[in-house]
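One letter stands for each residue in the lines below.
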Amino acid sequence: MENAMAELPLAIFTTLVPFGAGAFIMLAISFFTTKFGADELKKLDKLSIAPLAVVAVGFIASFFHLASPFAAFGVFSGIGSSPLSNEIAMGIVFFVVALVYVIMAFTGKLTESSRKPFAVVVAVLALAFAVFTGMAYMMQTIASWNTPLVPIEMVGLALLGGAAFGAALIVAARAQGAESHSYVTAAFVLALVGFAVALVALIGHYGVLEALSSSFVAGTTLAEGVTGYLVGFGVLGAAAVVLLAACMKKASLGLAGAAAVLALVAIFLVRFAFYAIQLSVAL
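Here goes a summary of the coordinates provided. (Residues numbered from 1 in each chain as written. Predicted model: local features only at pLDDT ≥ 70, side-chain atom pairs only at ≥ 80, totals over all residues. Heavy atoms only, no water.)

1. Focus: the packing of helix α2 (residues 8–33) against helix α10 (residues 253–276)
In the contact formed by α2 and α10, the axes pass within 9 Å of each other and the chain directions differ by 140°. Here α2 is positioned oblique relative to α10, judged by the angle of their axes. When you trace α2 past α10, the crossing you get is right-handed. Here Leu8, Leu10, Ala11, Ile12, Thr14, Thr15, Leu16 and Phe19 of α2 lie close against α10, whose contacting residues are Ala260, Leu264, Ile267, Phe268, Arg271, Phe272 and Tyr275. Taken together, the residues of the contact of α2 with α10 sort by class into 12 nonpolar, 2 polar and 1 charged. (Axes fitted to C-alpha atoms, helices over the stretch in contact; angles between N-to-C directions. Helix = DSSP H or I, 4+ residues; strand = E, 2+ residues; numbered from the N terminus. Parallel < 35°, antiparallel > 145°, perpendicular 65-115°, else oblique. Left-handed = near helix turned anticlockwise from the far one by under 90°. Contact = heavy atoms within 4.5 Å. Nonpolar A, V, L, I, M, F, W, Y, C, P; charged D, E, K, R; others polar.)

2. A few points about the environment of Leu159
Inspection of the secondary structure puts Leu159 in helix α7 (residues 149–173). You can call Leu159 buried: its relative accessible area is 12%. Residues Leu159 and Gly22, spaced 137 residues apart in sequence, show a C-alpha to C-alpha distance of 5.8 Å. What Leu159 contacts, discounting residues up to four positions off in sequence, is Ile25, Leu127, Leu190, Ala191, Val193 and Gly194. (Buried < 20%, exposed > 50% of the residue type's maximum accessible area, 1.4 Å probe, protein only.)

3. Concerning the packing of aromatic side chains
For the structure shown, the criterion picks out 19 aromatic pairs. Ring geometry for Phe36 versus Tyr183: centroids 6.5 Å apart, planes at 35°, classification tilted. Of the two residues, Phe36 sits in the loop between α2 and α3 (38–47) while Tyr183 sits in helix α8 (residues 182–210), which places them 147 residues apart along the sequence. For the pair shown, Phe36 and Tyr183 are each scored as buried. Three or more aromatic residues joined by ring pairs make a cluster, and in this case those are Phe13, Phe24, Phe59, Phe94, Phe95, Tyr101, Phe118 and Phe129. Above the plane of the ring of Tyr137 lies Arg271, whose end atom (NZ or CZ) is 5.7 Å from the centre. Geometry around Phe274 places Arg271 over its ring, the cationic atom sitting 4.3 Å from the centre. (Phe/Tyr/Trp six-rings, centres within 6.5 Å; stacked < 30°, edge-to-face > 60°. Lys NZ or Arg CZ within 6 Å of the ring centre and 35° of its normal.)

Here it is as structure tokens:
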């Protein structure tokens, strides 16, 4: 696990980014599935700063991985040719657009006609950001990461975490006795899809890892070392989905909040394990 501890800032980054960005996917879906009152929208618009703040903290954490923060500027020289540069570029585009959305929402500048299309744009960029984040790790020098399953994992994690986090925000903004809980149903479906996608991709990735080896370490050894983390993801992720299912009967902030926390921990377990399975072709 030494590799994972050395990459802890990146583990935090790739945990918080899909969790926060994914919430905007859930928010966009809720605007098409639920009719909100004016007061509820005001509350939700103010709460929309929370997922953006989570993404910002993730970005800050990533800087601690650099020997010098100024080295980050060199990343931009590889846009178009470097997966890492493309990830950062997409992250910046997403963050800027999401920031504009949050500012307009927070100040009450979003109209009924502009809210839905703007929210969809932010959601699409959030999904693209998850894909580009996964693609940044598909490098030939690290055989255990060089698989299309990695970006698929990131998409699944973004949907799972975003559904739970977004649902908690929406429940917090909803008035007591609200007539429709359709947004919770949407959150459950989104979380279930995300969990299934991530779980299938992780199982496939586990199989790929077991087939690899180097001069000093076997892929099976690395796989065995992270088995507990993947089991933890399965248990906590499934629990988060179950809690969201329970919310369909009663839109409880406690249940939704617990689902969000469980999803966040589940994502971290996966990302921490990911950095522990580095297997370089140079070894």
